[in-house]
Amino acid sequence: MDNKIYLVNPRGFCAGVSRAISIVDTALERFGAPVYVRHEVVHNRYVVDSLRRKGAVFIEDLAEVPDGAILIFSAHGVPMSVEAEAKNRNLTVFDATCPLVSKVHVEVRALSKRGAEVIMIGHRFHPEVEATLGQYDNPDGGIYLVENAQDADRLQIRDPNNLYYVTQTTLSITESKTLVEHLRSLYPQIRGPRKNDICYATQNRQDAVRSLAHKVDLFIVVGSTSSSNSNRLRELAESCGCRAYLVDDESQLDEAWFAGGIGSIGVTAGASAPDILIERVVERLKAVTGYRPEEMPGIEEKRNFEIPKDLQRSL
Ligand code: SF4
């Protein structure tokens, strides 16, 4: 391909991230600072720092939230125990959990009620995974986290005829498919969601990177290291044979990456990376390489998730 900077589509903000940020912004507007947010509302340093400057206070433990305060749950969701704790403390809660994560929570709660055993495919310690595991509370069944085939091999399932799997929403599509196939080889009766739990934004961004990565020499993914879907985009580009780097912003671009006559460059961004950072990265790439940017065709995303009704009402 010509020496250009190819901008893949879709890239950047998804509907769940836009909604979560809008919930924090609206709560600050309506109630004033401080507004407490459990965990980084989305995994992006720039977004979190901007909201912090406006008066959002990010906490991990509800003990840090004063009585009578406003509390927002992050886009990744919370375990049922945290929801219960907030309720017991009479905190005013607005839930910024992405509706596509909540959908998985509903599945797990229903399976818990039935005492089915559930395998959760996801990354250990990720807040979305902890929240989903925390939807299960039936001692007659069980929920087990599986990150890889070795974890799956170690499982001791009580009733393979009553076994289900769910997944984190931001996994690598290829890797999760391989892992599901492995689970099926171990437990042929295992059942999964009718439609994959991996969300539309993850799917679309990975498809877009896959279609370009074989044709460029280098991929830049804009996103924070804490962002699961951004990391998966970088790994995917690398697995297609090009060098790939994850950067928070233009200051992390290293001129040495472009030395020695680099060919074309692909640019994408994780679902929590704002446009302003993508623009700044592209400007810097233009200055360093002298290449022109070009938008790639891609799926147009039309999803929009509204903020909670009770937060909308008094605007
Ligand atoms: S990446 Fe997917 S699951 Fe996560 S907030 Fe965006 S739409 Fe929701």
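Residues numbered from 1 in each chain as written. Predicted model: local features only at pLDDT ≥ 70, side-chain atom pairs only at ≥ 80, totals over all residues. Heavy atoms only, no water.

**With respect to the site of the ligand**
Around the ligand lies a shell formed by Cys14, Gly16, Val17, Cys98, Leu100, Val101, Thr169, Thr170, Cys199, Tyr200 and Ala271. Sorting the residues of the shell around the ligand by element identifies helix H1 (15-31) and helix H4 (99-114) as the ones contributing at least two each. Grouping the amino acids of the shell around the ligand by side-chain chemistry returns eight nonpolar, three polar and no charged. (Near = heavy atom within 4 Å. Helix = DSSP H or I, 4+ residues; strand = E, 2+ residues; numbered from the N terminus. Nonpolar A, V, L, I, M, F, W, Y, C, P; charged D, E, K, R; others polar.)

**Here we look at the environment of Lys113**
Along the chain, the position of Lys113 falls in helix H4. On the basis of relative accessibility, which here comes to 75%, the residue Lys113 falls in the exposed class. Along the chain, Lys113 and Glu83 lie 30 residues apart, while their C-alpha atoms are 18 Å from each other. (Buried < 20%, exposed > 50% of the residue type's maximum accessible area, 1.4 Å probe, protein only.)

**A look at unusual backbone geometry**
Residue Pro10 follows Asn9 across a cis peptide bond; omega there is -5°. When you line up the elements, Pro10 lands in the loop between strand E1 (4-7) and H1. Pro34 follows Ala33 through a cis peptide bond whose omega is 0°. Along the polypeptide, Pro34 turns up in the loop between H1 and strand E2 (35-38). Unlike most non-glycine residues, His39 shows phi in positive territory, near 75°. If you trace the backbone, His39 turns up in the loop between E2 and helix H2 (45-54). The backbone of Phe125 sits at a positive phi, close to 75°, despite the residue not being glycine. Positionally, Phe125 belongs in the loop between strand E6 (117-121) and helix H5 (127-133).

**Regarding the sheet that holds strand E7 (residues 142-146)**
Spatial strand order, E7-E6-E8: three strands in an open sheet with parallel pairing. The sheet is open, and its two borders are formed by E7 and strand E8 (163-167), each paired with just one other strand. Neighbouring strand axes in the sheet, compared pairwise and without regard to direction, differ in orientation by 25° on average. H4 rests against E6, E7 and E8 of the sheet, and its axis sits at about 160° to E8. (Pairing = 2+ DSSP bridges. Axes fitted to C-alpha atoms, helices over the stretch in contact; angles between N-to-C directions. Contact = heavy atoms within 4.5 Å.)

**What about H1?**
Its 17 residues place the ends of H1 24 Å apart at the C-alpha level, agreeing with the 24 Å of an ideal helix rising 1.5 Å per residue. Regarding H1, the residues found buried are Ala15, Gly16, Val17, Arg19, Ala20, Ile21, Ile23, Val24, Thr26, Ala27 and Leu28. At the C-terminal side of H1, Gly32 shows a positive phi close to 80°. (Expected span 1.5 Å × (residues − 1).)

**Topic: the domain arrangement of the chain**
By domain assignment, the chain separates into domain 1 (4-13 + 199-295), domain 2 (15-98 + 306-312) and domain 3 (100-186). Each of domain 1 and domain 2 has a C-alpha centre, and these two points are 30 Å apart. Contact with domain 1, which involves 15 residues of that partner, is made by 11 residues of domain 2. Buried area between domain 1 and domain 2, both sides added, is near 980 Å², and the carbon and sulfur share of it is 51%. By the criterion of area lost to domain 2, the three top residues of domain 1 are Phe13, Ser226 and Ser272, representing 42% of everything that side buries. Between the two partners, domain 1 and domain 2, sit two salt bridges. With a shortest N-O distance of 3.7 Å, Arg45 and Asp249 are connected by a salt bridge. Tallying contributions element by element places helix H10 (residues 275-289) first for the side of domain 1 that touches domain 2, with three residues. A breakdown of the residues in the side of domain 1 that touches domain 2 according to their chemical character gives seven nonpolar, five polar and three charged. (Domains from an automatic or database assignment. Buried area = accessible area lost by both parts, 1.4 Å probe. Salt bridge = Lys/Arg side-chain N within 4 Å of Asp/Glu carboxyl O.)

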